[in-house]
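In case you want the letters, here they are:
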Amino acid sequence: MTNDPLSPQSNDSQKRLLLALALSFAATAAYTFFFAPTPSTDVAGADAGVELAATQDAGTPTVAAVPPPGTPTGDAAGAPGEPPPPVRTVDIARPEVKYAFSSEGAGLTSAVLQGVKMREQQSLSVKEGFAQLFGKEIPPPPQMNVANPVAGQPLPLAVSIEGGAPLAANTRYAVQENPTDNGGTLVFTGRQGPWEVTKTVLWPREGFEFAYTLQVRNTSAQAQSGELKLHYSRAIDPEFEHAPSFFGGVGNLSRSACWVGDELHKLSPGDSPPDETRGQISYFGIDQQYFLSALYPLDGPLAGNCTLVASPTAREVSAAFPLNVASGQTATFRFGGYLGPKDPDLLLPAPGQALRTVAGLSATTYHPRLEDTVDFGIWAVVCKLLLAIMRFFYGLVGNWGFAIILLTVVVKMALLPLTYRSMVSMEAVKVLQPKMEEIRKKFAEDKERQNLEIMKLYQEAKVNPLGGCLPLLIQMPVWIALFTALRNSFEIYGEPFIGPIWRDLTYKDPTYLLPLALGVSMIITQKMQPQMMDAAQAKMMTWVMPIIFTFTLLQYPAGLSLYIFTNNVLSIGQQYGLRKWLDRKKDQSGGGTPAVVTAGGGKRK
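Position numbers for residues count from 1 along each chain, tracking the sequence in the order it is written. Whole-chain, interface and lining totals are the exception, using all residues; otherwise, since this is a predicted model, local features are given only for residues with pLDDT of at least 70 and side-chain atom pairs are given and counted only at 80 or more. Values shown for side chains rest on all heavy atoms present in the structure; no hydrogens or waters enter the calculation.

### Details of the overall build of the protein
Reasoning step 1: Per the secondary structure count, the protein includes 13 helices and 20 strands.
Reasoning step 2: For the exposure calls, accessible area comes from a 1.4 Å probe over protein chains only, and a residue counts as buried if that area is under 20% of its type's maximum, exposed if over 50%, partly exposed in between. The burial tally for the protein puts 54% of its 605 residues in the buried class.
Reasoning step 3: For every accessible area listed, the method is Shrake-Rupley and the probe measures 1.4 Å; residues are considered covered only by the protein chains on display. When the accessible surface of the protein is split by element, carbon and sulfur atoms take 59% of a total near 25,600 Å². Strands here are runs of E lasting at least two residues and helices are runs of H or I lasting at least four, both read from the DSSP assignment and numbered beginning at the N terminus.

Below is the structure:
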């Protein structure tokens, strides 16, 4: 698999978050410990997408007789030798998508998704963020166009044939539109050389899906062979897509994608192309952060190969399938298509019931597992758990920001026993500070002996010097999983928290107020913890680490900053309450450290 900067398995931005957390924890642990201790897609049979095909020569189909497609009655294609049909543009307005086709290439010139959330992700400057904060209306980003053609390249859904008798991707087609009660069809017919190609696009009444049938007839007196290529591409506006960088943002680059065999190949600008993309193709298309354009063989994975191209201004993918057609015969390829949001509820049933009904497909039709494009990686279990909890709270309060706050409360309550043990552990280490200072002075020139004596002191006092770090260790996977969920969940994409400030919890706070508040709360939290190191070390842990952490999170989703800020505020209240309780217990026990339950279930003093 290629190096995908946005995939949760190899996500550069996720790695940076993990690195920032790990560095913060490692620095804390180092100072604590050494200086001032503290506690597959199921692949079906070959060539299932070619009707009445028998396999020979390593997967190259020989096509049996199929009745030749009828010539449409609208702008019918002329006979060989006649001038090509005129170029036409056909607009198809569906409730969810507005399509525009060109008869030159019989492909899409646009596919604009409809709806409030179906937009490009808006990038606001600090100036625009504060202008929005004080009531100025900022124009919304444009509606999402998932089929923006690439200049000089075949249109999305265009086909070409390579071989001894080629067919160009920009061949002109005659067009016939046939609206129906259940949806509608658009039929293109084009001829070049020995080939007559009929494309039929079929839509159900509603939804983001369609069926796409290609019938390739050999009109010559000899058998013809070649390679049928189906193209899809999308031009990229750099204003709305950004590569990840350490302090410049987490990025939202789309990828050219093709699932071959049991491996999903993805390509973004700067990646090395995959070594091998030949095999059983399950689906292919353009995989964006929150949207998907995908084509898949309706009758099961189809033998072929994919070509992936990714430049800063374009993503392109073409799937090539072997083509062998006897004289007067027709090869038929049936594909399903999905152009819409990466909503698992919409992707999971593809092809959906509405499409199966109008296309005459059975209930056992091949399922391409498009839902796997919503990829949480190794954090899938935690991500889905967090999303389920937030979804429950969203159903109660109707706001994803408040759902994140309530999630923070739930996690904080679950970690309360560990937090208590952490504070008791820090108090116990604090009591040992005078003896540790004596050891440091006594073995000032021998660091190894110094560490051995301090460890011996821990063992004698039955104190865990890293016990205070346990709640942080538990929270780190939650932070990373929440970040991964925010970067992959269309449910939260474009969802606001409060009024004009945070209008998209999956995008950074353009005013930086939330991450700065997070940094201040982290400093307060550090100041409230027991000081178990010298002044210089304490200053570093109180000021330097929160500042580094804050700057790291400036460009991360506002939803993640909201979670950590809420967690810090709760920690401040929690530490204050536990401090009062521990002091009261200490007075009652005559100055000793409150009992702590050990891992074995017993108690220690």
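### Brief notes about the pairing of strand β11 (residues 224-235)
Reasoning step 1: In terms of burial, β11 is a largely internal element, nine of the 12 residues being buried.
Reasoning step 2: Looking at chain direction, strand β6 (residues 159-163) and β11 are connected through five bridges and run antiparallel. Note on β11: the bridge partner recorded for I161 is L228.
Reasoning step 3: In the sheet, β11 pairs with strand β17 (residues 314-325) via 12 bridges, with the strands oriented antiparallel. Within the sheet, the bridge partner assigned to S233 lies in β17 and is E316. In short, DSSP must find at least two bridges between two strands for them to pair.

### Thoughts on the state of the cysteines
Reasoning step 1: Disulfides are defined as cysteine sulfur pairs within 2.5 Å. The tally for this structure, following the rule as stated, stands at one disulfide.
Reasoning step 2: Across a sulfur-sulfur distance of 1.9 Å, C258 and C306 are joined as a disulfide pair. With the S-S dihedral at roughly 50°, the linkage between C258 and C306 falls on the right-handed side. Of this pair, C258 sits in strand β12 (residues 255-260) while C306 sits in strand β16 (residues 302-311), and the two are 48 residues apart along the sequence.

### A few points about a nonpolar patch on the surface
Reasoning step 1: Taken together, F392, L396, V397, F402 and I498 make up a surface patch of nonpolar side chains, about 480 Å² in accessible area.
Reasoning step 2: Broken down by element, the residue count for the nonpolar patch peaks at three residues, all from helix α5 (residues 380-397).
Reasoning step 3: Relative to the helices and strands, L396 resides in helix α5. Distance thresholds for patches are 9 Å for like charges and 5 Å for nonpolar side chains (Val, Leu, Ile, Met, Phe, Trp, Tyr), applied to residues having over 30% relative accessible area and no salt bridge. Every case where a carboxyl oxygen of Asp or Glu lies within 4 Å of a side-chain nitrogen of Lys or Arg is listed as a salt bridge.

### Let's talk about the packing of helix α8 (residues 433-442) against helix α9 (residues 447-461)
Reasoning step 1: In this analysis an axis means a line fitted to C-alpha atoms, helices contributing only their contacting stretch, and an angle means the value between N-to-C directions, from 0 to 180 degrees. Taken N-terminus to C-terminus, the directions of α8 and α9 make an angle of 160°; their axes are 9 Å apart at the nearest point. One element, α8, and the other, α9, form an angle in the roughly antiparallel class. As for the relative orientation of α8 and α9, their crossing is right-handed in sense. Contacts between α8 and α9 involve K435, M436, I439 and R440 from the former and Q450, E453, I454, L457 and Y458 from the latter.
Reasoning step 2: Three classes are used, and their members are as follows: Ala, Val, Leu, Ile, Met, Phe, Trp, Tyr, Cys and Pro are nonpolar, Asp, Glu, Lys and Arg are charged, and the others, Gly among them, are polar. Within the contact of α8 with α9, the residues separate by chemical class into five nonpolar, one polar and three charged. If an angle is under 35 degrees, it is roughly parallel; if it is over 145, roughly antiparallel; if it lies from 65 to 115, roughly perpendicular; otherwise it is oblique. Handedness of a crossing follows from how the near helix is turned relative to the far one, being left-handed for an anticlockwise turn of less than a right angle and right-handed for a clockwise one. Only heavy atoms enter the contact rule, under which two residues are in contact if any of them lie within 4.5 Å.

### Regarding the nonpolar core
Reasoning step 1: By convention a nonpolar core is built from buried Ala, Val, Leu, Ile, Met, Phe, Trp, Tyr and Cys residues, the set being connected through side-chain atoms within 4.5 Å. Judged by nonpolar contacts, the single largest core of 112 residues is most densely connected at Y99, F101, Y232 and F284.
Reasoning step 2: Here the element with the most residues in this core is helix α10 (residues 470-486); it accounts for eight residues.
Reasoning step 3: When residues no more than four places from it in sequence are discounted, the contact partners of Y232 are L108, V146, A147, P156, L157, I286, S293, L295, R315, E316, V317 and L339.
Reasoning step 4: Counting residues in hydrophobic clusters, the runner-up holds 10 residues, among them F443, I454, L457 and Y458.

### What about the environment of L113?
Reasoning step 1: By secondary structure assignment, the location of L113 is in strand β5 (residues 107-113).
Reasoning step 2: With a relative accessible area of 0%, L113 lands in the buried category.
Reasoning step 3: Along the primary structure L113 and K98 are separated by 15 residues, whereas in three dimensions their C-alpha atoms are 6.5 Å apart.
Reasoning step 4: If near-sequence neighbours (up to four positions away) are discounted, L113 is found in contact with E96, V97, M118, Q143, M144, V146, F208, F291, L339, G340 and P341.

### Quick look at the pattern of salt bridges
Charged atoms that come close allow side chains of opposite charge to pair.
Reasoning step 1: Applying the stated criterion across every chain yields a total of 14 salt bridges.
Reasoning step 2: One salt bridge connects D299 with R334, and the closest N-O pair in it is separated by 2.6 Å. Separated by 35 residues along the polypeptide, D299 in the loop between β15 (291-297) and β16 and R334 in strand β18 (residues 330-341) bring together distant segments of the chain.
Reasoning step 3: Taking the relative accessible area as the measure of exposure, D299 reaches 28% and is therefore partly exposed.
Reasoning step 4: For the salt bridge of E453 with R449, the shortest nitrogen-to-oxygen distance reads 3.0 Å. On the criterion of helical spacing, the pair formed by E453 and R449 is a turn pair, its members being four residues apart in helix α9.
Reasoning step 5: When its relative accessible area of 38% is taken as the criterion, R449 is described as partly exposed.

### A look at helix α6 (residues 400-414)
Reasoning step 1: Compared with the 21 Å implied by 1.5 Å per residue over 15 residues, the 21 Å span of α6 between its first and last C-alpha is a close match.
Reasoning step 2: Within α6 the residues assigned to the buried category are W400, G401, A403, I404, L407, T408, V411 and K412.
Reasoning step 3: N or O atoms closer than or at 3.5 Å make up a polar contact, with two conditions inside protein: a donor-capable atom paired with an acceptor-capable one, and, for residues adjacent in sequence, both atoms drawn from side chains. Measuring from the backbone nitrogen of G401 back to the side-chain oxygen at the start of α6 gives 2.7 Å, which picks out N399 as the cap. The span you would expect from a helix comes to 1.5 Å times its residue count less one.

### Digging into unusual backbone geometry
Reasoning step 1: Residue P351 follows A350 across a cis peptide bond; omega there is -5°.
Reasoning step 2: With phi around 50°, A106 is a residue other than glycine that occupies positive phi space.
Reasoning step 3: Within the secondary structure, A106 is located in the loop between β4 (97-102) and β5.
Reasoning step 4: Residue A106 is classed as buried on the basis of its relative accessible area of 2%.
Reasoning step 5: Not every positive phi belongs to a glycine, and R369 is a case in point at roughly 60°.
Reasoning step 6: Locating R369 in the fold gives a position in the loop between α4 (353-359) and α5.

### Looking at α5
Reasoning step 1: Given a rise of 1.5 Å per residue, 18 residues ought to cover 26 Å, and the 25 Å separating the end C-alpha atoms of α5 matches this to within 8%.
Reasoning step 2: Within α5, burial applies to C383, L386, L387, M390 and F393. Down the axis of α5, the buried side of the element spans an arc of 130°, and every buried residue falls inside it. Residues of α5 that are exposed and point over 90 degrees away from its buried face: V381, K384, L385, F392, G395 and L396.
Reasoning step 3: One or two steps after α5, the chain reaches G398, where phi turns positive at roughly 70°. The directions considered for the arc run from the helix axis to the C-beta atoms.

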